[in-house]
Amino acid sequence: MRVAMLAPVWIPIPPEGYGGIERVIKLLVDELVRMGEDVTLFAAGPCRTRAWQRIMLDEAPTYHMGETLYDALHVGRAYREIYTGGFDIVHDHSGFLGPAFAGMLPVPVVHTLHGPFTPEIRRFYEAFKDDCYYVAISRRQLESCPGLNYLGMVPNAVDVDEHRYLGEKGDYLICVGRICEAKGTEQAVLLARETGNRLLLAGKIDPGRDRDYFESRVVPHLDGKMILYLGEVSQEEKVRLVSRARALLFTVQWEEPFGLVMAEALACGTPVLATRWGAVPEVVEHGVTGFLADSPRELASYVERIDELDPLDCRRAAEEHFSPGAMAASYLDIYHYASDMHPTRLWPHRAHTA
Ligand code: UDP
């Protein structure tokens, strides 16, 4: 099948550090190519994948994240090439522009929903539900907006080989990801302090609200000994730190659509202590690969029970539930289904003129 894979413009593929969607796209295109599919990745540079690559912007505009000008340049250029490119399917991860203009393309568009829903976002996707096929990344995400034309639910995957398994753990807890209110960084810090545990924080801080949050809620707790902030870390550094941690703390305070970092921790044999929000219970099994609680306070009571969990169970769960092969096979089924439906279901007016 000729697949056009449209990545978000903001971060190169694979990402150096932060970048969950980008990491999943890298795994997906490599796996599809390995399966014999003809995949072209439309992304901002520099990229390193096994797919054909069409670089829409020489340099990913990471420091301009969210600015429409870059997004529109990227998606506009990609859609122009895709229009006459002879593709069988477009798989779009670009955010809002992809679905908004999907109806203009003569090719079916599959769009993976990567974020949580607000009432505005729900309205947005409903407006374009006849122009593209949606795919959710967790059951919880799908159920929180049931009215869309979903073609399925495909959980994200992790490269288990890239995540070194370590059975022997160090003496610290770790938090990896965006430093922000939604990810509950402050709650993780308070939990670590309350239980007398060392906590390493690694992650990016977006300018504006997240930077203010960091300065006011997190910095006052940093003491260089028990609570440390390491900045954004590379994939290698993340694997080194997470594989040695007693547990990953994931005290999220939002409808987490997936939470890739939890699956990565499991691949390292590191259990997860998490608040039960969004898709968290779909990634972590309470009492087996981690502990789940309704509040950070309740979660604190599980810290002393971390050693009851077997790192091998965590690793096995990652291999079993988040395999790149299974993810790629599911998407391929969806591509075939969408392609077979086209154009009669999505573009009935074209069926009449065909
Ligand atoms: N990440 C990283 N270095 C950092 C912070 C994050 O490599 O300093 C990675 C993390 O391991 C994961 C991704 O960025 O692969 C974040 O994805 P996740 O789904 O956990 O969070 P979200 O997409 O909601 O921000």
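The rules we used
Residues numbered from 1 in each chain as written. Predicted model: local features only at pLDDT ≥ 70, side-chain atom pairs only at ≥ 80, totals over all residues. Heavy atoms only, no water. Helix = DSSP H or I, 4+ residues; strand = E, 2+ residues; numbered from the N terminus. Rg over C-alpha atoms; globule rule 2.2 N^0.38 Å. Buried < 20%, exposed > 50% of the residue type's maximum accessible area, 1.4 Å probe, protein only. Areas by Shrake-Rupley, 256 points an atom, 1.4 Å probe, with all protein chains shown as cover. Lys, Arg positive; Asp, Glu negative; His and termini not counted. Charge placed at Lys NZ, Arg CZ, Asp CG, Glu CD. Salt bridge = Lys/Arg side-chain N within 4 Å of Asp/Glu carboxyl O. Pairing = 2+ DSSP bridges. Axes fitted to C-alpha atoms, helices over the stretch in contact; angles between N-to-C directions. Contact = heavy atoms within 4.5 Å. Near = heavy atom within 4 Å. Polar contact = N/O pair within 3.5 Å; in protein donor to acceptor, adjacent residues only side chain to side chain. Arc of directions from axis to C-beta.

## Considering the overall build of the protein
Within the protein one finds 14 helices and 13 strands. On C-alpha atoms alone, the protein measures out to a radius of gyration of 21 Å, which is about the 20 Å that the 2.2 N^0.38 rule sets for 354 residues. Projected onto the principal axes, the alpha-carbon positions of the protein cover approximately 70 × 40 × 35 Å. Across the 354 residues that make up the protein, the buried fraction comes to 54%. Carbon and sulfur atoms form 51% of the exposed surface of the protein, whose accessible area is close to 15,500 Å². Between the mean site of the 36 positive side-chain charges and the mean site of the 50 negative ones, the protein shows a separation of 2 Å.

## Observations concerning the pattern of salt bridges
Counted according to the given criterion, the structure contains 16 salt bridges. For the salt bridge of Arg34 with Glu31, the shortest nitrogen-to-oxygen distance reads 2.4 Å. Highlighted residues: Arg34 and Glu31, both in helix α1 (residues 20–34), separated by 3 residues, approximately one helical turn. Between Glu81 and Arg54 there is a salt bridge, with its nearest N and O atoms 2.7 Å apart. Of the two residues, Glu81 is situated in helix α2 (residues 68–83) and Arg54 in strand β3 (residues 52–57); the sequence distance between them amounts to 27 residues. Of the residues examined, Glu81 reaches a relative accessible area of 30% and is grouped as partly exposed.

## Notes on the sheet that holds strand β7 (residues 150–153)
Taken in spatial order, the 7 strands of this open sheet run β3-β2-β1-β4-β5-β6-β7, and their pairing is parallel. Strands with a single pairing partner mark the edges of an open sheet, and in this sheet they are β3 and β7. Each adjacent strand pair in this sheet contributes to an overall mean axis angle of 20°, direction not counted. The pairing of strand β2 (residues 38–44) with β3 spans 5 bridges and is classified as parallel. Residue pairing for β3: Ala43 is matched across the bridge by Ile55.

## A word on the sheet that holds strand β11 (residues 247–250)
Pairing is parallel across the open sheet formed by 6 strands, whose spatial order is β10-β9-β8-β11-β12-β13. Where the open sheet ends on each side, the last strands, each with one partner, are β10 (227–229) and β13 (290–293). Direction aside, neighbouring strands of the sheet carry axes that sit 20° apart on average. Relative to β13, strand β12 (residues 272–275) runs parallel, the two being bridged by 4 bridges. Within β13, the position partnered with Leu273 by the bridge is Phe291. Taken strand by strand, helix α6 (residues 185–194) contacts β8 (172–176), β9 (198–202), β10 and β11, and its axis lies near 160° from that of β9.

## Points about the environment of Pro207
The topology assignment puts Pro207 in the loop between β9 and α7 (209–218). Spatially, the C-alpha atoms of Pro207 and Val110 are 32 Å apart, while their sequence positions differ by 97 residues.

## Here's the deal with the site of the ligand
Lining the immediate environment of the ligand, one finds 17 residues, of which Tyr18, Arg178, Lys183, Val233 and Glu264 sit closest. Taking Tyr18, its side chain carries an N or O atom lying 2.5 Å from an oxygen atom of the ligand. Within the side chain of Arg23, an N or O atom sits 3.1 Å from an oxygen atom of the ligand. Contact with the protein chains removes 93% of the 550 Å² of surface that the ligand exposes when unbound. Elements that contribute at least two residues to the shell around the ligand include exactly α1 and α9 (260–267).

## Thoughts on helix α12 (residues 311–321)
Listed as buried for α12 are Pro311, Cys314, Arg315, Ala317 and Ala318. End-on, the buried residues of α12 take up no more than an arc of 160°, which puts them together on one face. Tucked into the core, α12 has its buried residues touching α9. The backbone nitrogen of Leu312 lies 2.9 Å from a side-chain oxygen of the residue at the head of α12, namely Asp310.

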